[in-house]
Amino acid sequence: MDNQAQSFEDKIKKAEEILKTLNSEDVALQDSVKLCKDGKKLLDEAQKILEDAKLSITQVQDD
């Protein structure tokens, strides 16, 4: 599944998986940096989905 097609829930679930991996002691520094960037990207995308949903709800209420 590409990033565009992932739902809000999918993005949050994947971010949680990344966090779990980062909390393990078996992750190399280079891998940790990449995982951190990936997690931040997922959370930013999830935030955008929430903002878009809020805008849609506000527009419906205003109509």
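That block above? That's the structure.
The sections below set out a description of the structure shown in this document. Not measured: the values here are computed from a predicted model.

## Topic: the pattern of salt bridges
Stage number 1. Using the criterion set out here, one finds 4 salt bridges in the structure.
Stage number 2. Residue Asp-38 pairs with Lys-34 through a salt bridge whose shortest N-O separation is 2.8 Å. On the criterion of helical spacing, the pair formed by Asp-38 and Lys-34 is a turn pair, its members being 4 residues apart in helix α2 (residues 29–62).
Stage number 3. Among the ionic pairs, Asp-44 bridges to Lys-40, the shortest N-O distance being 2.9 Å. One end of the pair is Asp-44 and the other is Lys-40, both in helix α2 and 4 residues apart, which spans about a single turn.

## Points about the side chain of Lys-11
Stage number 1. Along the chain, the position of Lys-11 falls in helix α1 (residues 8–23).
Stage number 2. Overall, Lys-11 belongs to the buried group, its relative accessible area being 3%.

## A short note on α2
Stage number 1. For α2, with 34 residues, the first-to-last C-alpha span of 49 Å sits near the 50 Å given by 1.5 Å per residue.
Stage number 2. Buried within α2 are the following residues: Leu-35, Gly-39, Leu-42 and Ala-46.
Stage number 3. On its buried face, α2 is in contact with α1.

## Topic: α1
Stage number 1. With 16 residues, α1 extends 23 Å from end C-alpha to end C-alpha; this agrees with the ideal 22 Å at 1.5 Å per step.
Stage number 2. Regarding α1, the residues found buried are Lys-11, Ala-15 and Ile-18. Taken around the axis of α1, the buried residues stretch over an arc of 60 degrees, which confines them to a single face. Residues of α1 that are exposed and point over 90 degrees away from its buried face: Glu-9, Lys-13, Glu-16, Lys-20 and Asn-23.
Stage number 3. Where α1 is buried, its residues touch α2.

## Topic: the packing of α1 against α2
Stage number 1. Interaxial distance between α1 and α2 falls to 9 Å at its minimum, and their mutual angle equals 155 degrees. Classified by the angle their axes make, α1 and α2 are roughly antiparallel. Here α1 runs over α2; the crossing is left-handed. For the pair formed by α1 and α2, the contact residues are Phe-8, Lys-11, Ile-12, Lys-14, Ala-15, Ile-18, Thr-21 and Leu-22 on the first element and Ser-32, Leu-35, Cys-36, Asp-38, Gly-39, Leu-42, Leu-43, Glu-45, Ala-46, Ile-49 and Leu-50 on the second.

Cut-offs and rules
- Residues numbered from 1 in each chain as written.
- Predicted model: local features only at pLDDT ≥ 70, side-chain atom pairs only at ≥ 80, totals over all residues.
- Heavy atoms only, no water.
- Salt bridge = Lys/Arg side-chain N within 4 Å of Asp/Glu carboxyl O.
- Helix = DSSP H or I, 4+ residues; strand = E, 2+ residues; numbered from the N terminus.
- Buried < 20%, exposed > 50% of the residue type's maximum accessible area, 1.4 Å probe, protein only.
- Expected span 1.5 Å × (residues − 1).
- Contact = heavy atoms within 4.5 Å.
- Arc of directions from axis to C-beta.
- Axes fitted to C-alpha atoms, helices over the stretch in contact; angles between N-to-C directions.
- Parallel < 35°, antiparallel > 145°, perpendicular 65-115°, else oblique.
- Left-handed = near helix turned anticlockwise from the far one by under 90°.

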